[in-house]
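Listed below, chain by chain, are the residues.
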Amino acid sequence: MKFLAKSALAAVLLAGTAAPGSSADGVVNVYNWSDYIDETILQDFEKETGIKVVYDVFDSNDILETKLLAGGTGYDVVVPSGTFLSRQIQAGVFQPLDKSKLSNLGNMWNVVSERTATYDPDNAHSVNYMWGTTGIGYNVDQVEERMADAPVDSWKLIFDPTVLSKFADCGVFMLDASDEMIPAALNYLGEDPDSHDPEVIAKAEDLLMSIRPYIQKFHSSEYINALANGDICIAVGWSGDVLQARDRAAEADNGVTVNYSTPIEGALMWFDQMAIPKDAKNVENAHIFIDYIMRADVMAKASNYVYYANGNEASQALLEPDVIGDPAIYPSEAALKTLYTTTPYPPRVQRKVTRLWTKVKSGQ
Amino acid sequence: MTQKPRDTDIPAVEYLDSRSAQGPAGSLEELHKRLLLAPPYRWVSQAIIRSGLSARGILIATPYLWLLLFFLAPFLIVLKISFSEYAIAQPPYTALFAWVDDVFIQIRLNLENYQLLFEDDLYWRAYLNSVKIAGISTFLTLLVGYPLAYGMTRAPRHWRLALLMLVILPFWTSFLIRVYAWIGILKKEGLLNLLLLNLGVIDQPLVIMNTDTAVYIGIIYSYLPFMVLPLYASLEKMDDSLLEAAADLGCRPIKAFWQITFPISIYGVIAGCFLVFIPALGEFVIPDLLGGSGTLMIGKTLWAEFFSNRDWPLSSAVAVVLLLILVVPIVAFQKMQEKDKTA
């Protein structure tokens, strides 16, 4: 709750500093994921450029996409994930970036840029903000207490019903994101995680239904606090979020030890991309903001704070050793090879996927 | 309308300044005359007079206009979207109308969305489960609300206003925050569990959070004022001498309650039940925050169709059907109210 109050307060303060609804120069309206930035970066940006930042947050791609598709969001910079970005570009939501205004583009890391180009050809509409993996966060002591040899480095911990059932009483959370959990299930089964074939996807349904009785909740942000407070044992979550939970628990000194693992079978590698909506009013300022974030020292500061890897090669020299040196954040070359990426589902398949996901979530 | 005697008409426009104005200061007429000095008011006033509408006509038309603008128009838009098809576009659905040769309008009605609602049992189960949850919580709210309202009307007269205020007071805080507060109470290491554990009532924390029980608690808490207020209004009108007469004639209090008090308050009971049942049926916030992933309610299903599937047409179809289902109790409520007026 502390974090919630903190971020709510921060949002209020930030919103309060700018004239609401102002479209005159001097403002940039940013819509980013919750708990995803060191807020001093925004203050520094305001000091340096004189441009006020109106910062607003979301916790699911779905919310962002619905707003973008309705149009007239009033945001100048938004941060969708790759697969969503890809579909949104197709729907004509974004404008191409004016790369002449992005002096720091040379800082970007081609390992990431090459992968994001599959979502946004030539990276014409977007620049990487952060990337990460979808893996397992767990309460070290509680898991050990229930199962001494728990396979914490494997998806067996989640997808093997006999294993997961041991932790049902302690609480298991799963991301409410069908486009991440279905690929994870398929990957565990040895299928192509990026399969768009309904028959293959149906196999993921059977697997997910078999472990459904042991999952308490599907949610994409509550697990941070739940893990940190020791309310739950296991969460399938995003790397940096779990690491934030780990640090909050350490800060609170509440006897809870949280750990993150990227399962050996492989995990989803995802990318959050900064882009400018077509109907943005402060296009110039949006470019200035994106360019500022791409500065090596700024990006390093952001990653040092949120524990997510970024797509900025120049920033790597400035990262704290516990960030660049943590394989949970920057996986080794070998681990990087096990990571997979996915592409958006076509509309007909998407409907089946959501239907399947509703069935899994409701457990009936 | 123009042929009727227009005795209720606004007086003809006169350009009077305040000094020559007649009539007692502060009267409505005086205010009208003063306001005529301001051009916008004058224009509206003149326009009304020219259009031949009587003041009464405007008064009667206003709520209809309101309904037309804020209820019927949005509904027609939703209805229109429900007949279109999902597309990757902004907005994400196909156009219903298309010009052919610049002369004809072609209308393409896509009935597939409604067909899917019938084919897939998910939606029916969600509808039925919503009816069940709304029904049970309405009954429980009545059980909690009735003694509360009854107690309020039995309280000394000078207390009643304060008690009424206490019922209304929670509305001053955002609904969302009040529901959030329940998370702090109901969760595994929440206030309720800590209290019960410390009192030694239980030795294992109760799992209430993320279950249907939490949803019931949330709905009962949130909608209690909607139940208490109409009950209070109907119970307050009751003549105490009826109960005295019953007692004098040897009727026991419990029997007197069922024979006199309850029948008198029946319209309050019905009104309260409708006021709780109707919004609870489409409730989204409470099941989302307090309920578990297994809590299947139509509000959540609609949300998932809209946000996760980006399927505006299908979610519009769900909304249209939900409205049709709600029309039944709403019409019954209207009928009941009319009966109440004539009674």
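Every value quoted in this text rests on a predicted model; they were computed, and no experiment measured them.

Helix and strand counts for chain B come out as 15 helices and two strands. Relative to the globule expectation of 20 Å for 343 residues, the C-alpha radius of gyration of chain B, 27 Å, shows a markedly less compact shape. With the C-alpha coordinates aligned to their principal axes, the bounding extent of chain B is approximately 80 × 75 × 40 Å. Split into buried and exposed, the 343 residues of chain B put 37% on the buried side. Relative to all contacts within chain B whose residues are 6 or more apart in sequence, the contacts with residues 24 or more apart total 68%.

So, about the side chain of B:Ser234. All names here are of chain B. Assignment of secondary structure puts Ser 234 in helix α9 (residues 212-236). Residue classification places Ser 234 among the buried residues on the basis of a relative accessible area of 10%. The contacts of Ser 234, once residues within four sequence positions are left out, are Ile 264, Ser 265 and Gly 268.

The subject of this paragraph is the state of the cysteines. Residues and elements named next belong to chain A. Throughout the structure, instances matching the rule amount to one disulfide over all chains. Disulfide pairing is shown between Cys 170 and Cys 233; the S-S distance is 2.0 Å. Disulfide Cys 170-Cys 233: the torsion about the S-S bond is 85 degrees, which places it as right-handed. Taken together, the residues Cys 170 in the loop between α8 (161-164) and β5 (172-174) and Cys 233 in the loop between α11 (222-228) and β7 (234-238) connect sequence positions 63 residues apart. Pair check on accessibility: Cys 170 and Cys 233 agree, each one buried.

With that settled, the discussion passes to the packing of helix α2 (residues 39-49) of chain A against helix α13 (residues 283-293) of chain A. Residues and elements named next belong to chain A. Where α2 meets α13, the closest approach of the two axes is 11 Å, and the angle between their N-to-C directions is 120 degrees. The orientation of α2 with respect to α13, classified from their angle, is oblique. Both α2 and α13 take part in a crossing whose hand is right-handed. Contacts from Ile 41, Leu 42, Asp 44, Phe 45, Glu 48 and Thr 49 in α2 reach Ile 288, Phe 289, Tyr 292 and Ile 293 in α13.

What follows covers a nonpolar patch on the surface. There is a patch of nonpolar side chains on the surface, built from B:Trp66, B:Leu67, B:Leu68, B:Leu69, B:Phe70, B:Phe71, B:Leu72 and B:Leu76 and spanning about 870 Å² of accessible area. Secondary-structure assignment places B:Leu68 in helix α3 (residues 55-82).

All names here are of chain B. The topology assignment puts Thr 141 in helix α5 (residues 121-154). For Thr 141, a relative accessible area of 0% puts it in the buried group. Taking the C-alpha atoms as reference points, Thr 141 and Trp 258, separated by 117 residues in sequence, lie 19 Å from one another.

Take the UniProt feature "domain: ABC transmembrane type-1" (unreviewed entry) in chain B next. Those residues carrying the UniProt feature "domain: ABC transmembrane type-1" (unreviewed entry) are residues 127-333 of chain B in this numbering. End C-alpha to end C-alpha, residues 127-333 of chain B measures 20 Å, and it is 78% helix and 0% strand.

Bridging between strand β1 (residues 97-100) of chain B and strand β2 (residues 104-107) of chain B involves four bridges; their strand directions are antiparallel. Looking at the pairing, B:Phe97 lines up with B:Ile107 of β2(B).

All names here are of chain A. The assigned domain composition of chain A is domain 1 (2-131 + 270-331) and domain 2 (133-268 + 340-362). Computed over C-alpha atoms, the centres of domain 1 and domain 2 are 26 Å apart. The interface of domain 1 with domain 2 comprises 18 residues on the first partner and 28 residues on the second. Across the domain 1/domain 2 interface, buried area totals approximately 1900 Å², and carbon plus sulfur atoms make up 51% of it. Across the contact surface, domain 1 and domain 2 share two salt bridges. Between Asp 35 and Arg 248 there is a salt bridge; the shortest N-O distance is 3.1 Å. Our enumeration of links across domain 1 and domain 2 arrives at 10 residue pairs in polar contact (both at pLDDT 80 or more). Those elements giving two or more residues to the side of domain 1 that touches domain 2 turn out to be α1 (2-17), α4 (82-90) and β9 (268-275).

Let us look at the pattern of salt bridges. Between side chains of opposite charge, pairing is possible as soon as their charged atoms come close. If you walk through the whole model with that rule in mind, you get 23 salt bridges over all chains. Across the pair A:Glu65 and B:Arg310 runs a salt bridge, and its minimum N-O distance is 2.9 Å. Of the two residues, A:Glu65 sits in helix α3 (residues 61-70) while B:Arg310 sits in the loop between α14 (298-307) and α15 (312-342), which places them in two different chains. B:Arg310 matches A:Glu65 in its accessibility class, with the two residues each being buried.

As a further point, take helix α1 (residues 28-35) of chain B. Where α1(B) is concerned, the buried positions are B:Glu30, B:His32 and B:Lys33. For α1(B), the buried positions fall inside an angular range of 160 degrees around the axis, keeping them on one side.

What describes a pair of aromatic rings is the distance from one ring centre to the other and the angle between the planes of the rings. All names here are of chain B. The final tally for this structure, using the stated rule, is 35 aromatic pairs over all chains. For the ring pair Trp 182 and Tyr 221, a centre distance of 5.5 Å and an interplane angle of 65 degrees mean the geometry is edge-to-face. In this pair, Trp 182 is assigned in helix α7 (residues 175-186) and Tyr 221 in helix α9, connecting sequence segments 39 residues apart. Consider the rings of Tyr 223 and Phe 226, whose centres lie 5.8 Å apart with planes at 40 degrees: the pair is tilted. Residue Tyr 223 and its partner Phe 226 are both found in helix α9; the two are separated by three residues, about one turn of the helix.

Turning next to the nonpolar core. Residue and element names in this part refer to chain A. Counting residues in each nonpolar core, the largest one holds 123 residues, and the members touching the most others are Tyr 129, Ile 158, Phe 159, Met 174, Tyr 223 and Ile 234. Both domains that meet at this core, namely domain 1 (2-131 + 270-331) and domain 2 (133-268 + 340-362), each give it at least three residues. Look past the residues within four positions of Ile 158 in its chain and what remains in contact with it is Ile 136, Leu 164, Met 174, Ile 211, Ile 234 and Val 236.

Moving on, we get to the UniProt feature "transmembrane region" (unreviewed entry) in chain B. All names here are of chain B. On the UniProt side, "transmembrane region" (unreviewed entry) is annotated at positions that read residues 64-83, 126-149, 161-183, 214-235, 256-281 and 312-333 here. As annotated, residues 161-183 has a helix share of 74% and a strand share of 0%, and its two end C-alpha atoms lie 31 Å apart. Strand forms 0% of residues 214-235 and helix 100%; the C-alpha atoms that close the span are 30 Å apart.

Right, let's talk about the interface of chain B and chain A for a bit. Taken together, the contacts link 37 residues of chain B with 36 residues of chain A. Taken over both partners, the interface formed by chain B and chain A buries close to 3100 Å², and the fraction arising from carbon and sulfur atoms is 49%. Along the contact surface separating chain B from chain A lie six salt bridges. The closest approach of N and O atoms between A:Arg355 and B:Asp121, which form a salt bridge, is 3.8 Å. At the junction of chain B and chain A, the tally comes to six residue pairs in polar contact (both at pLDDT 80 or more). When residues of the side of chain B that touches chain A are traced back to their parent elements, those giving at least two are α4 (112-119), α5, α13 (285-290), α14 and α15 of chain B.

Turning next to the environment of B:Leu116. The topology assignment puts B:Leu116 in helix α4. Distance in space between the C-alpha atoms of B:Leu116 and B:Phe171 is 39 Å, their sequence separation being 55 residues.

Before going further, it helps to examine the environment of B:Leu140. Looking at the element boundaries, B:Leu140 is found in helix α5. Since its relative accessible area comes to 29%, B:Leu140 is described here as partly exposed.

What counts as what
- Residues numbered from 1 in each chain as written.
- Chains lettered and ligands numbered in written order.
- Predicted model: local features only at pLDDT ≥ 70, side-chain atom pairs only at ≥ 80, totals over all residues.
- Heavy atoms only, no water.
- Helix = DSSP H or I, 4+ residues; strand = E, 2+ residues; numbered from the N terminus.
- Rg over C-alpha atoms; globule rule 2.2 N^0.38 Å.
- Buried < 20%, exposed > 50% of the residue type's maximum accessible area, 1.4 Å probe, protein only.
- Contact = heavy atoms within 4.5 Å.
- Disulfide = S-S within 2.5 Å.
- Axes fitted to C-alpha atoms, helices over the stretch in contact; angles between N-to-C directions.
- Parallel < 35°, antiparallel > 145°, perpendicular 65-115°, else oblique.
- Left-handed = near helix turned anticlockwise from the far one by under 90°.
- Patch = residues over 30% accessible without salt bridge, like charges linked within 9 Å, V, L, I, M, F, W, Y side chains within 5 Å.
- Areas by Shrake-Rupley, 256 points an atom, 1.4 Å probe, with all protein chains shown as cover.
- Salt bridge = Lys/Arg side-chain N within 4 Å of Asp/Glu carboxyl O.
- UniProt positions renumbered as here; feature names shortened; annotations may be inferred.
- Pairing = 2+ DSSP bridges.
- Domains from an automatic or database assignment.
- Buried area = accessible area lost by both parts, 1.4 Å probe.
- Polar contact = N/O pair within 3.5 Å; in protein donor to acceptor, adjacent residues only side chain to side chain.
- Arc of directions from axis to C-beta.
- Phe/Tyr/Trp six-rings, centres within 6.5 Å; stacked < 30°, edge-to-face > 60°.
- Core = buried A, V, L, I, M, F, W, Y, C linked by side-chain atoms within 4.5 Å.

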